Structures are given as structure tokens and as C-alpha cells.
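These are the residues of each chain, in order.
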Amino acid sequence: MSEDSGSDNVEAGKIAAEAQPLPEQETAKEPAAEGQKEGEEAKPAAKRAERKTVRRTAKKENIALAESLLFGKYSLKDVTVNDPSLANYIILAQKTYPNSYGRRRNRVYYIAHVNIVERLINKLMRGGTGQKIGGKVIRTEGALQGKKIKVMHVVKDAFETVNKKTGKNPVQVLVNALENSAPIEDTTRIRYGGINYNVAVGISAARRLDVALRNLALSSLIGAFKSRKSLADALAEELILAANRDPTSYAIKKKVELERIARSAR
Amino acid sequence: MAEEQPRQFDGYLAEIVEIQPRKTGMFGSIIQAMCKVLEGKDKGRVIRRNLSGKAKVGDMIRLGDTSREDKPINIK
């Protein structure tokens, strides 16, 4: 499995990088000693320099690899997106800490350049659910609002529990959850002569992803509200449920409800 | 990690060919797009659809049914 091998590969790579040059040294010295003395003295020095540079670059590459893995553990290269409509908007760029510092914020399609894990983090940074759920409005009272590093640690913990429970790459679980909880149809309101009607409309690819991310984030806030569950545990539970198409998942419930209303209003 | 899940019905794939410049809807939040159907019975047909959210030419969407064609939503 790729998720476990991420850290193992790095260690194995380091050992291999150190082990490889040693046999070369022994073999390289012998012909130099046996060969002609004149004009050959420059060669071993050059070879030694080459070996040094090779060793240094190998070390640097390994360090760079370990740094670029998500949270130092998970690689995003093996993650596949099955849904072609979401594939254009799910960005899987390698980053240790997914934070773009809001650099592209004011551009038109800025969401098409932001890492998918960062988008989940951004959706979790909110003051509450913003609507009544179970007769109450849930407020986080500024505990999460604007605190990106704090939420990043929440997502990191959630990914660890997902990895422990399922043995899969948690980013792959997140992508599967998004694919399963993205709705197809939506409704809008129109008004004819003082009476409101609902009309079914389609949803663009960008908005499908937005809705799915929002519902995943909301469900973890609801799950952790007034319970012993931590926010990370609630998020991990929801991710696993949604990835398995479990109808008890909040995000999938919402999706089914939206589509049912839209189907009746065609 | 290329595990293929058994997928349920998730609509027919369609590609956006053209976006009409005029916006519709009560608050101007709906756009109209010409979509080319890539799957199912009506494969290859180009139909006009109302969409919510941002979209651009070349995006892929999923349609619940491909038999009907949407009218522009007129506001009076």
C-alpha cells in the first residue's frame, strides 16, 4: 500500500543512497592504481568529486521527497479520481502543509488551483453551522474562525485515524467521499403572480465539489457538538461513512434529499 | 490505489460546449449552457440546460435525465 510505503520508501532510499557508492569506490581505485601514472592522476579526483555530488543530490532528493509528502506521510501521486467531472477541480499537488496563504484569492477560478486538502481545511474554519439543526444553531464561538493551523492539525489527526481504521491512503478516502456526496441536481425558486415555484436545474462541476466539501465539514461540526467525540474523530467517521456510500452519512443524506426535491420539480 | 467501486447511477456525463452570455433566475444566479451528452440513449445530442454555479467551456457535468430541454427562466 502506497500510504504506508511513503515513509518506508524514504528510509529505504536513504540507506540505498549511502550503500551504493561504497562498492564503486573499491572497484574504481583498482584500475587507477594499475593504469599509467602519467596523465591519469586527474581522473580519480574527478571521480571522487562526482561521487560526492551524486551522494549529496541523492540525500537532497530524499529530504525533498519527505518534505513534500502531505503531513510528512501521505503521497498524493497514487490518488485516482474516478469521476471525470470532478477531476478538473480536485487538485492533488504535493505539499507538506497545504497552505497557499490566500494568494490567488481574488482571481476568477482560484479554486481550480488550490489543493483539495486545503479546501477542506478552509471549509472547516467557520463560526458554526449557520442554520438550525435539531432546533439549535450550533456555534463554535470563534474557536475555529480564522485559525488555519489549528484546523490543519484537526485534519492531520483525522487522516491518521482514517489510515488506522481502513488501511488506505486518507486522501483517496477523501476523494471517494467527495465523489459519493456530490449532488447532480438542484432547485431554484421562481415567482409567477405572487406564488413561488421550484424549478430543477443542473449543477456545474465547481459547485458540485463546493457542496460536497461543505456538507462533509458541517457534519463533523454537528458530530462533535456537545459530545465527547473530538472534531477530528467526527471528521474521520464521516469520511469513512461517505466513502463507503453509507446512507447514515450526513453528506449523502443531504445529497439524496436535494436530488429527490429536484426530481419532483422537473 | 485504483480500486474500482461498484458505482450506482450518477447521471449521464455531458460536456459544456457553449455558454450563453445572458444570465437567468430570480437573482441572476443561473446560467444557460449548451451541453453535449456523452453517455446513454441520447449520446451525441446537444441540449440547452440551466445550471447553478460557475461553469466554463470544457467542464464536465452530470445530468439526471437527457430527454428534456430547458427554457430560459423569464422574470417579470
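Owing to the predicted nature of the structure, the values given are computational and were not obtained by experimental measurement.

*Asks:* Before we go on, may I ask you to explain the overall build of chain B in this structure?
*Replies:* In terms of helices and strands, chain B carries zero helices and four strands. When the helices and strands of chain B are placed in sequence order, the string is β-β-β-β. For chain B, the proportion of its 76 residues judged to be buried stands at 41%. Counting only contacts in chain B whose residues sit at least 6 apart along the sequence, the fraction spanning at least 24 positions is 43%. When the accessible surface of chain B is split by element, carbon and sulfur atoms take 52% of a total near 4400 Å².

*Asks:* Help me understand the nonpolar core in this model?
*Replies:* Side chains that are nonpolar tend, in soluble globular proteins, to be buried together. Counting 51 residues, the largest nonpolar core has A:Val155, A:Phe159, A:Leu174 and A:Leu239 as the members making the most contacts within it. Broken down by secondary-structure element, the contributors of at least two residues to this core are helix H5 (116-124), helix H6 (148-166), helix H7 (170-181), helix H8 (205-224), helix H9 (231-243) and helix H10 (250-264) of chain A. In this view, A:Leu239 contacts A:Phe159, A:Val162, A:Val173, A:Leu174, A:Ala177 and A:Leu216; residues no more than four positions away in its chain are not counted. Grouped together as the second largest cluster of nonpolar side chains are 11 residues, B:Ala33, B:Val37, B:Leu51 and B:Ala55 included.

*Asks:* Would you mind going over unusual backbone geometry with me for this structure?
*Replies:* Among all residues save glycine, negative phi is the norm, and among peptide bonds the norm is trans. All names here are of chain A. Here the phi dihedral of Phe71 falls at roughly 55 degrees; this positive angle occurs in a residue that is not glycine. The residue Phe71 is located in the loop between helix H3 (42-68) and helix H4 (84-87) in this model. We classify Phe71 as buried; its relative accessible area is 7%. The phi torsion at Lys226 lies on the positive side, around 55 degrees, for a residue other than glycine. Tracing the chain through its elements places Lys226 in the loop between H8 and H9.

*Asks:* Please clarify how the pattern of salt bridges should be interpreted in this entry.
*Replies:* Where charged atoms of side chains with opposite charge meet at close range, the side chains can pair. Summed over the entire model, instances satisfying the criterion amount to 17 salt bridges over all chains. Here B:Arg68 makes a salt bridge to B:Asp70, at a shortest N to O gap of 2.9 Å. For the pair formed by B:Arg68 and B:Asp70, the shared burial category is buried. Among the ionic contacts, a cluster of salt bridges with common partners joins A:Glu185, A:Arg266, B:Arg49, B:Asp65, B:Arg68 and B:Asp70.

*Asks:* Teacher, can you tell me more about the side chain of B:Asp65 here?
*Replies:* Positionally, B:Asp65 belongs in the segment after strand E4 (60-63). Apart from the residues lying within four places of it in its own chain, the contact partners of B:Asp65 are A:Glu185, A:Arg266 and B:Arg49.

*Asks:* Would you explain the sheet that holds strand E3 (residues 185-192) of chain A in this entry?
*Replies:* By way of backbone hydrogen bonds, the strands of a sheet pair with one another, either parallel or antiparallel. Taken together, the six strands give an open sheet; going across it, the order is E3(A)-E4(A)-E3(B)-E2(B)-E1(B)-E4(B), and neighbouring strands pair in mixed fashion. Edge positions in the sheet fall to E3 of chain A together with E4 of chain B, since each of these pairs with one other strand and no more. Strand-to-strand twist in this sheet, taken as the mean axis angle between neighbours without regard to direction, amounts to 50 degrees. Taken together, the seven bridges between strand E1 (residues 12-24) of chain B and strand E2 (residues 30-37) of chain B define a ladder with antiparallel strand orientation. Directly across from B:Glu18, in E2(B), lies its bridge partner B:Met34. On top of the sheet, H10(A) reaches E3 and strand E4 (195-203) of chain A; it is set at about 45 degrees to E3(A), its chief contact.

*Asks:* Would you mind going over the pairing of E3(A) with me for this structure?
*Replies:* For a regular strand, the rule is simple: side chains alternate between the two faces of the sheet. Residue and element names in this part refer to chain A. Here E3 runs beside E4; their pairing, made up of eight bridges, is antiparallel. Its bridge partner lying in E4, Arg191 is registered against Asn196. Here E3 hands over to E4 after two residues, with Gly193 in that stretch at a positive phi of 60 degrees.

What counts and what doesn't
Residues numbered from 1 in each chain as written. Chains lettered and ligands numbered in written order. Predicted model: local features only at pLDDT ≥ 70, side-chain atom pairs only at ≥ 80, totals over all residues. Heavy atoms only, no water. Helix = DSSP H or I, 4+ residues; strand = E, 2+ residues; numbered from the N terminus. Buried < 20%, exposed > 50% of the residue type's maximum accessible area, 1.4 Å probe, protein only. Contact = heavy atoms within 4.5 Å. Areas by Shrake-Rupley, 256 points an atom, 1.4 Å probe, with all protein chains shown as cover. Core = buried A, V, L, I, M, F, W, Y, C linked by side-chain atoms within 4.5 Å. Salt bridge = Lys/Arg side-chain N within 4 Å of Asp/Glu carboxyl O. Pairing = 2+ DSSP bridges. Axes fitted to C-alpha atoms, helices over the stretch in contact; angles between N-to-C directions.

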